[in-house]
Amino acid sequence: MNCKQIENQLIDYLDNNLDQNTYSIVDSHLKNCENCTIALQELETVFKSIGETQEEIPDSSLKVNFEKMLHEEKAILEDSKVVSMTNNRLWKTVFQIAATIALVFSAYYYGKTQNDASFSQEIAVLEKERNEMKQTMTISLIENESASKRLQAVNYAEEFEQPGNEILKALINKMYHDDHINVRLAAAEALAKFSDKEMVRNAFINALEMEQDPGMQIELIQILVSIEEKRAVPSMEKLLKNEETPSYVRDQVKISLPNLI
């Protein structure tokens, strides 16, 4: 494998999702390739940044030049917005920013004892930028050619408390059109968490209307019942009347309809 092929396997390598032969090839390559090893380390850093930032007691040295570092990182984040995520160099920039942001947030706990309103406002802006960066990375992973990486990205998307519309649209697209049923099922389950959004509720109704896979039909029926979406009744009745609908899907409809009518 060349370096590009190795980089495409790094997420699965970290998650132990590779077969033994492929894992050995990647592992051997990493032992002899400094660039791919650095890429692996950066990938580990960015996934750690996706999780909750843990509160730490900062070293006193972090106070030095903190305001300067804060402004520099905000400037880097602003500049990165104008570059396409398909550019490999942006990924390296994102990884570097993610690592630095982790340090910045540690230093924040020193600064918040100063009760400086301006300082707190800048921290809020930085956290917003950090969240946007995480969402941009997740959207990029959702469009990856590897089904396992798309599945992993869907799981990341589910962790957002308040995802932007772009994240929701990406999940809806995966629920509608992904080639792998497991990705589609996972996208539906992730979207169920955000069923308070009108666009998500409409997406579930539309998906049931056009869905042909029995497993997805049952998943959608169960979700629509759990969110008490009464507008789905006509679509369920249509499934019930369709002679091509599998008997076990019809049975699910019969069980579910009384909960919505």
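Look a little higher up for the structure.
Note that the structure is a prediction, hence the values are computed from the model and not measured.

Conventions and cut-offs
Residues numbered from 1 in each chain as written. Predicted model: local features only at pLDDT ≥ 70, side-chain atom pairs only at ≥ 80, totals over all residues. Heavy atoms only, no water. Helix = DSSP H or I, 4+ residues; strand = E, 2+ residues; numbered from the N terminus. Buried < 20%, exposed > 50% of the residue type's maximum accessible area, 1.4 Å probe, protein only. Contact = heavy atoms within 4.5 Å. Core = buried A, V, L, I, M, F, W, Y, C linked by side-chain atoms within 4.5 Å. Salt bridge = Lys/Arg side-chain N within 4 Å of Asp/Glu carboxyl O.

**Student:** I keep staring at the environment of leucine 224 and nothing clicks. Help me out?
**Tutor:** Secondary-structure assignment places leucine 224 in helix α12 (residues 214–226). The exposure class of leucine 224 is buried, given its relative accessible area of 0%. As a C-alpha pair, leucine 224 and serine 256 span 32 residues in sequence and 9.2 Å in three-dimensional space. In this structure leucine 224 touches Phe204, Ile205, Leu208, Glu229, Ala232, Met236 and Leu260, once residues within four positions along its chain are discounted.

**Student:** Explain the nonpolar core here, please?
**Tutor:** Residues Leu171, Met175, Leu191, Phe204, Leu224 and Met236 are the most contacted members of the largest nonpolar core, which totals 54 residues. When residues in this core are grouped by element, the largest group, seven residues, is from α12.

**Student:** What's the story with the pattern of salt bridges in this structure? I'm lost.
**Tutor:** When their charged atoms lie close together, side chains carrying opposite charge are able to pair. Applying the stated criterion across every chain yields a total of 10 salt bridges. A salt bridge links lysine 31 to aspartate 27, with the nearest nitrogen and oxygen atoms 3.4 Å apart. Remark: aspartate 27 and lysine 31 occur in helix α3 (residues 20–32); sequence separation between them is four residues, near one turn of the helix. Where salt bridges share partners, they join Glu143, Arg150, Lys174 and Asp178 into one cluster.

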